[in-house]
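Descriptive analysis of the structure
What follows is each chain in one-letter form.
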Amino acid sequence: MSPYPSSSTSPEIQLQAHMAAGVGGDGAPQSKTESSIHVGEAVAPKAATKSPKKLTLLPLIFLIYFEVAGGSYGAEPAVQAAGAFYALLGFLLFPFIWSVPESLVTAELATAIPGNGGFVLWADRAFGPFFGSLMGTWKFLSGVINSAAFPSLCADYLARAVPAVAGGAPRYATVAGMNLVLSFVNYTGLSIVGYTAVALGVASLAPFVLMTLIAVPKVRPDRWLTRGTNNDWRLYFNTLFWNLNFWDNASTMAGEVKRPERTFPTALLAAGLMTALGYLLPLMAGTGALDVPQDAWGGGYFADAAAAIAGGWLKYWIEVGAVLSAIGLYEAQLSSSAFQLLGMADLRLLPKIFASRSKWFGTPWAGILASSLITLAISFMSFNNIINSANFLYSLGMLLEFASFLWLRKKAPHMSRPYLVPLRLPGLVVMCLVPSVFLVFVVAIASWKVFAISAGMTAFGVAVYYLMEFCKSKGCLQFSNGIAGDESVVQQ
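Analysis parameters
- Residues numbered from 1 in each chain as written.
- Predicted model: local features only at pLDDT ≥ 70, side-chain atom pairs only at ≥ 80, totals over all residues.
- Heavy atoms only, no water.
- UniProt positions renumbered as here; feature names shortened; annotations may be inferred.
- Helix = DSSP H or I, 4+ residues; strand = E, 2+ residues; numbered from the N terminus.
- Buried < 20%, exposed > 50% of the residue type's maximum accessible area, 1.4 Å probe, protein only.
- Contact = heavy atoms within 4.5 Å.
- Areas by Shrake-Rupley, 256 points an atom, 1.4 Å probe, with all protein chains shown as cover.
- Phe/Tyr/Trp six-rings, centres within 6.5 Å; stacked < 30°, edge-to-face > 60°.
- Lys NZ or Arg CZ within 6 Å of the ring centre and 35° of its normal.
- pLDDT = per-residue confidence, 0-100.
- Axes fitted to C-alpha atoms, helices over the stretch in contact; angles between N-to-C directions.
- Parallel < 35°, antiparallel > 145°, perpendicular 65-115°, else oblique.
- Left-handed = near helix turned anticlockwise from the far one by under 90°.
- Nonpolar A, V, L, I, M, F, W, Y, C, P; charged D, E, K, R; others polar.

Going by what an unreviewed UniProt entry lists, the protein chain is known as Polyamine transporter PUT1 and is assigned to Canna indica. Under Subcellular location (unreviewed entry), UniProt gives the following word-for-word description of the protein chain: "Cell membrane". Quoted verbatim from the Sequence similarities (unreviewed entry) field of UniProt, the annotation for the protein chain is "Belongs to the amino acid-polyamine-organocation (APC) superfamily. Polyamine:cation symporter (PHS) (TC 2.A.3.12) family."

Here is the structure:
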């Protein structure tokens, strides 16, 4: 189902006619607080015409998978925090509480407004450019801060084989080199990144499939009922949240997806099944086959569990898989961040340079460069509080995303929605309310340092918005003319 009105008139002419008439893309009068750019109806397809290849279903599945999970790594602390029973119960139920609502919102809005920028476009369309810019700040900062952990993780695993890179100048050089190499791969094209994600996904999932199969004869189901002692519920819920969020990140690349109205819902469903089974089955294998103390299940314990179940060879494979998973996570997040900046430039929330694409590869080189440099700078910092602040900002962004989704259902009920969540507004409110309660909980338990850092980052985002408005009024920076796809293709 096409998101455009049935007409032979080009989308650009339709957009200009709407703007001249002072109406929005859905035919409603346009208020001063609304964006003048209605991406879902006229802008989105134009945004991707410079890209030589569009993402198809299989690469998109694995990009979404790496935005969210990238393997079973990181699930172990749930067992350490609350025992096998609650860990298994959490990874069984939490996808329905959190992942399914977020995925449904993403499927509907990414197909209704299929432009680069994703959630920024949704907030802009619902509440106007200020909230679009604020959403961009929250989600971009949370994304690049999370990305900073992945080159450091690669260096940690490499240090096991080459002790010289464990610290000092060799470690700095390794982290910087990883950033440089992975950023160049990202620069060579989204299709290459997508198919790289497919290969990395298969390689990182394979050892867990083998571990699960080998563990079957050794499993004792009664071990799954162990409830743990002195349970750490904050660690438990943070582990579930950390491993099952970011379903909406791939929406920032929706303008690069072939037939997004069909591809996005299918990709989200497939990635959701992969993620749920990818966590649940290895946890069932490890906790059911091994009788070890609760506190043994710290981060990285899956490698030791594999050694106990199958031998050292599988342990090494899982450790190598952790490096491959970190690479996939970095590439997926960097693509999401770069295309988010491109979408913000198309909306005139950032200067026109961020909409520029490479002549050879069609990638947003300025967005890749900016995201990589910020990630590199954070990689050398001690940033536990910053990481917690990134989760805090992500939670604020998700609350705004759910609000945008509900408001667009009320404000623009006749907007073309190729995929429609099959609920009326009261049902949608309930669907969004459950995960929103959890988001409020995550925000409420934050420390005062996290509150302070997050407030500072939010203030920075507000300042950037008003600075961009000032620059537009004074003409001191170049901005897009208001039609996505206007970006300059610069030889880089």
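Concerning the overall build of the protein chain
Looking only at helices and strands, the protein chain has 17 helices and two strands in total. For the protein chain, the residues scored as buried account for 56% of the 492 residues in total. Looking at the protein chain alone, contacts between residues at least 24 apart form 83% of all its contacts between residues at least 6 apart. Of the roughly 19600 Å² of accessible surface on the protein chain, 68% is carried by carbon and sulfur atoms.

A look at the side chain of Ser103
Among the structural elements, Ser103 can be located in helix α4 (residues 76-112). In contact with Ser103, other than residues within four places in its own chain, are Trp247 and Leu268.

Some words on the packing of aromatic side chains
One pass over the full model with this rule turns up 30 aromatic pairs. Judged by centre distance (4.7 Å) and plane angle (55°), the rings of Trp297 and Tyr301 are tilted. Residue Trp297 is classed as buried on the basis of its relative accessible area of 3%. You can call Tyr301 buried: its relative accessible area is 10%. The ring of Phe119 carries Lys139 above its face, with NZ or CZ at 4.0 Å from the centroid.

Observations regarding the confidence of the model for the protein chain
Residue-level pLDDT values for the protein chain average 84, and 85% of them are 70 or greater. For the protein chain, per-element mean pLDDT is lowest for helix α1 (residues 11-21), which scores 33, and highest for helix α5 (residues 119-127), which scores 96. The low-confidence segment residues 1-52, where pLDDT is below 50, has 102 contacts with residues more than four positions distant or belonging to other chains. A low-confidence stretch, residues 484-492 (pLDDT under 50), is modelled with 36 contacts involving residues beyond four sequence positions or located in other chains.

Things to note about the packing of α5 against helix α6 (residues 129-147)
At their nearest, the axes of α5 and α6 sit 7 Å apart, and the two run at 155° to each other. Comparing their axes, α6 and α5 come out roughly antiparallel. Judged by the sense of rotation from one axis to the other, the crossing of α5 with α6 is right-handed. Packed against α5, whose contacting residues are Phe119, Val120, Ala123, Asp124 and Phe127, the element α6 presents Pro129, Phe131, Gly132, Met135, Gly136 and Lys139 at the interface. Here the residues of the contact of α5 with α6 are counted per class, giving seven nonpolar, two polar and two charged.

Thoughts on the packing of helix α3 (residues 57-68) against helix α11 (residues 260-289)
Two elements in contact, α3 and α11, have axes separated by 8 Å at closest approach and are oriented at 50°. Between α3 and α11, the interaxial angle falls into the category oblique. The chirality of how α3 crosses α11 is right-handed. In contact with Leu57, Leu60, Ile61, Phe62, Ile64, Tyr65 and Val68 of α3, α11 contributes Thr263, Phe264, Thr266, Ala267, Leu268, Ala270, Ala271, Met274, Thr275 and Tyr279.

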